[in-house]
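Structural characterization, general
Chain by chain, the residues run as shown.
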Amino acid sequence: MNFGSIPLTYYLVLSAALFTMGALGVLIRRNALIIFMSVELMLNAANLAFVAFARQYGVFTGQLFVFFVMTVAAAEVAVGLALIVAIFRTKHSIDVDQMSSLKG
Amino acid sequence: MTTILPILPELLLLALGILILTLDPFLKKDEARRPFLGWFTVASLLAALTVSLLLARPAGAALAFGGMIRFDWLGFLFKMFFLFAAAVTALLFMDADKLNRRAEAYFLLVAAALGMCLMASAADLVMLYLAIETTSIPLYILAGFLKTDDKSTESGFKYMLFGALTSAVLLYGFSLVYGFTGKTNLYELGLHFSNFNIVAIGVTFLILAGLAFKVSLFPFHFWAPDVYEGAPTPVAGFLSTASKAAGFAVLIRLFTAVFPVLNADWSLILAILATLTMTVGNLIALTQKSVKRMLAYSSIAHAGYAMIGVVAFSELGMASVVFYLIAYALTNLLAFGIVGIVGRAAGSDEFSAYNGLSRRSAGLGLAALVAFLSLAGMPPFVGFVSKFFVFAAAVQSGWVWLAIVGVLNSIVGLYYYLNVLKAVYLYRMENEDEDRHPVPVSRPAAIALVILVAGILLIGTLFGPWFGLATRAAAALF
């Protein structure tokens, strides 16, 4: 099967669908871990778009961008999980609705 | 040597960060020598500032490192300013419990400053994304640094959550920009965005949303009060000043380089955003009981004032934004410094904690006078001159109504700033025994406050040369 024949549009539609799912996940879900997974989904939607465009133009910048995004995402998750652990220790819950000690 | 000049400040910051972490194990056992870390960081940051000022001044505007960064006066001015703000924040760190003895806190501060320097000079989408993340990730950790404190972890987590979300939106915007042009360099992108179409609008909205979060523009401002309130006070000061300035540096570079033609249609949207940002920030600030939270809302309002200069979109407008950010940062660092000292002495950030402050510590009362009158935009402090330039730029570009909205908002702001001063100067403590409750000001904090007060008075009265620098930075944009 020749993957080269898949039109760019398909990739972009998939990418947009992933991005929307991720955004909805962030907005609707209340579990901090699931929210982080949804953010990752959004980043990967952008990655997919980058790779698809890079193939379309035949230049490597898009592919390079994806490497950096993956590295940054890993760093972000490391920090995010550490913060979730710290929150769990003080609040014994990672439900974002419980995080309401700051308001006014 | 000439090839590394464009990133000399960043290289020095990197070396400093590594040095701090290397020194840390040697001091681990010796508690008495821990304050050395703070002094070392401050001294090194000031040394880096001096070296960069002497050696790394840009001659003109040129792309460097394969087009990744632009070596120009805008980036240079912001970099010098970030080094200064980091040094002052390090001084304030030394006064904050749990931050002052941890090498990690200083390292994260330096790392965030490094990211900001790159943000100010990034000329490529790849570099821009990495710079924004290099700034944000250390700041997430710093906001949640007090890990046994309920409020601090929640602040760090909220900042992280909204930050990650908006940077994903920003990144998606970047991927579409790349898709429609095939380029990632900002100065090449500009050519492709010369005709106005629906795609450009969508992409610009995504990118604007990402950057609006960084500078806390309405409707992406909601994170700021929670994060500032929960974060350690010096960190909140750094977040509300340097981080905001870095966001604005990116914003004005993007808008002048990539979307110059779109601007005619965007100005109105930005003007409405500026109006809403100022008004929402000021009105909610009126109802606050905590000075720290009030300052958070006031910092949202100040993002709105700075935005007026962006809307004006002239050379004067951009110069006034740069000048405004520097003026505002000096003032707000001072205000947060005072909040930190009072918060530590009184254990509270409520307005009532400030009662009789001028009798408890005359110097601190005077610093509060300078900080809050400057925030309110009173002459001869720098807040007045900076507001004047921003409004002048708006009027010059024909945005008279926006300037009027700005002036009206300043009046609202005056009320809540003076409320603080009322507590400081007119109110007494409960038993009128201020003599028995002195507010201790440690030496590093005193140095920081003196430097900031001097800066506010100096730039506020002799603003000519400083505005000249801002004009030079703005000229690099057009």
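No experiment lies behind these values; they were computed from the predicted model shown.

1. Some words on the packing of helix α9 (residues 223-230) of chain B against helix α12 (residues 291-312) of chain B
All names here are of chain B. With their axes 8 Å apart at the nearest point, α9 and α12 run at an angle of 140° to one another. Classed by the angle they form, the pair α9 and α12 counts as oblique. Note on packing geometry: the crossing formed by α9 with α12 is right-handed. Taken together, the residues of α12 that come into contact with α9 (itself represented by Ala224, Pro225, Asp226, Tyr228 and Glu229) are Lys292, Arg293, Ala296, Tyr297, Ser299 and Ile300.

2. Some thoughts on the interface of chain B and chain A
Opposite the 43 residues of chain B that make contact, chain A presents 41 residues. Summed over the three residues of chain B that lose the most area to chain A, namely Phe157(B), Tyr172(B) and Tyr178(B), the buried surface amounts to 20% of that side. With a closest N to O distance of 2.9 Å, Asp150(B) and Lys91(A) form a salt bridge. Across the contact surface, chain B and chain A share six residue pairs in polar contact (both at pLDDT 80 or more).

3. Side note on the packing of helix α13 (residues 315-346) of chain B against helix α16 (residues 382-396) of chain B
Residues and elements named next belong to chain B. Where α13 meets α16, the closest approach of the two axes is 9 Å, and the angle between their N-to-C directions is 160°. In terms of orientation, α13 lies roughly antiparallel with respect to α16. With respect to the hand of their crossing, α13 and α16 are arranged in left-handed fashion. Counting all contacts with α13, which are made through Leu316, Gly317, Ser320, Phe323, Tyr324, Ala327 and Thr331, the residues of α16 involved are Val382, Val385, Ser386, Lys387, Phe389, Val390, Ala392, Ala393 and Gln396. Classifying every residue of the contact of α13 with α16 gives ten nonpolar, five polar and one charged.

4. What about the confidence of the model for chain B?
Mean pLDDT over chain B: 88, with 97% of residues reaching 70 or higher. Per-residue pLDDT, averaged within each element of chain B, yields its smallest value for helix α7 (residues 186-192) of chain B (79) and its largest for helix α5 (residues 125-143) of chain B (94).

5. A closer look at the pattern of salt bridges
All chains considered together, the criterion is met by 14 salt bridges over all chains. Across the pair Glu229(B) and Lys151(B) runs a salt bridge, and its minimum N-O distance is 3.7 Å. Taken together, the residues Glu229(B) in helix α9 and Lys151(B) in helix α6 (residues 150-181) connect sequence positions 78 residues apart. Its relative accessible area of 15% is what places Glu229(B) among the buried residues. Its relative accessible area of 34% is what places Lys151(B) among the partly exposed residues. If you follow the salt bridges from partner to partner, you end up with Lys91(A), Asp150(B), Lys151(B), Glu154(B), Lys158(B), Asp226(B), Glu229(B) and Arg293(B) in one network.

6. Thoughts on the side chain of Ser243(B)
Residues and elements named next belong to chain B. You can see Ser243 is positioned in helix α10 (residues 233-257). What makes Ser243 buried here is its relative accessible area of 3%. With sequence-adjacent residues up to four places away left out, Ser243 is seen in contact with Met116, Leu139, Tyr159, Lys214 and Phe238.

7. A word on the domain arrangement of chain B
All names here are of chain B. Along its sequence, chain B is carved into domain 1 (1-161 + 219-254) and domain 2 (264-478). The distance between the C-alpha centroids of domain 1 and domain 2 comes to 21 Å. At the interface, 38 residues of domain 1 touch 42 residues of domain 2. The junction of domain 1 with domain 2 conceals about 3,600 Å² of combined surface from both sides, 77% of it contributed by carbon and sulfur atoms. Its largest share of buried area at the contact with domain 2, domain 1 owes to Trp73, Asp95 and Phe248, together 17% of the area lost on that side. For the pair domain 1 and domain 2, the interface holds four salt bridges. Across the salt bridge formed by Arg344 and Asp97, the nearest N and O atoms sit 2.9 Å from each other. Taken together, the links from domain 1 to domain 2 amount to twelve residue pairs in polar contact (both at pLDDT 80 or more). Of all the secondary-structure elements, those providing two or more residues to the side of domain 1 that touches domain 2 are α3 (73-93), α9 and α10. Looking at which element gives the most residues to the side of domain 1 that touches domain 2, the answer is α10, with twelve residues. The class makeup of the residues in the side of domain 1 that touches domain 2 is 24 nonpolar, six polar and eight charged.

8. Topic: the nonpolar core
Residue and element names in this part refer to chain B. Membership of the largest hydrophobic core comes to 225 residues, with the highest contact counts inside it found for Phe82, Phe157, Phe248, Leu334, Tyr354 and Phe372. Among the elements that make up this core, the one with the highest residue count is α13 (20 residues). Taken domain by domain, this core gets at least three of its residues from each of domain 1 (1-161 + 219-254) and domain 2 (264-478). Contacts of Tyr354, omitting those with residues within four sequence positions, involve Val291, Ile338, Val339, Val342, Asp349, Ala423 and Val424.

9. Brief notes about the packing of aromatic side chains
Residue and element names in this part refer to chain B. Per the counting criterion, the structure on display carries 29 aromatic pairs over all chains. An angle of 55° between the planes, with centres 4.6 Å apart, marks the rings of Tyr416 and Tyr417 as tilted. Across the pair, exposure class does not vary: Tyr416 and Tyr417 are buried alike. The rings of Tyr140, Tyr159, Phe213, Trp223, Tyr228 and Phe336 are connected pair by pair, giving a single aromatic cluster. In this arrangement the basic side chain of Lys387 is found over the ring face of Tyr305, its NZ or CZ atom lying 4.6 Å from the centre.

About the thresholds
Residues numbered from 1 in each chain as written. Chains lettered and ligands numbered in written order. Predicted model: local features only at pLDDT ≥ 70, side-chain atom pairs only at ≥ 80, totals over all residues. Heavy atoms only, no water. Axes fitted to C-alpha atoms, helices over the stretch in contact; angles between N-to-C directions. Helix = DSSP H or I, 4+ residues; strand = E, 2+ residues; numbered from the N terminus. Parallel < 35°, antiparallel > 145°, perpendicular 65-115°, else oblique. Left-handed = near helix turned anticlockwise from the far one by under 90°. Contact = heavy atoms within 4.5 Å. Buried area = accessible area lost by both parts, 1.4 Å probe. Salt bridge = Lys/Arg side-chain N within 4 Å of Asp/Glu carboxyl O. Polar contact = N/O pair within 3.5 Å; in protein donor to acceptor, adjacent residues only side chain to side chain. Nonpolar A, V, L, I, M, F, W, Y, C, P; charged D, E, K, R; others polar. pLDDT = per-residue confidence, 0-100. Buried < 20%, exposed > 50% of the residue type's maximum accessible area, 1.4 Å probe, protein only. Domains from an automatic or database assignment. Core = buried A, V, L, I, M, F, W, Y, C linked by side-chain atoms within 4.5 Å. Phe/Tyr/Trp six-rings, centres within 6.5 Å; stacked < 30°, edge-to-face > 60°. Lys NZ or Arg CZ within 6 Å of the ring centre and 35° of its normal.

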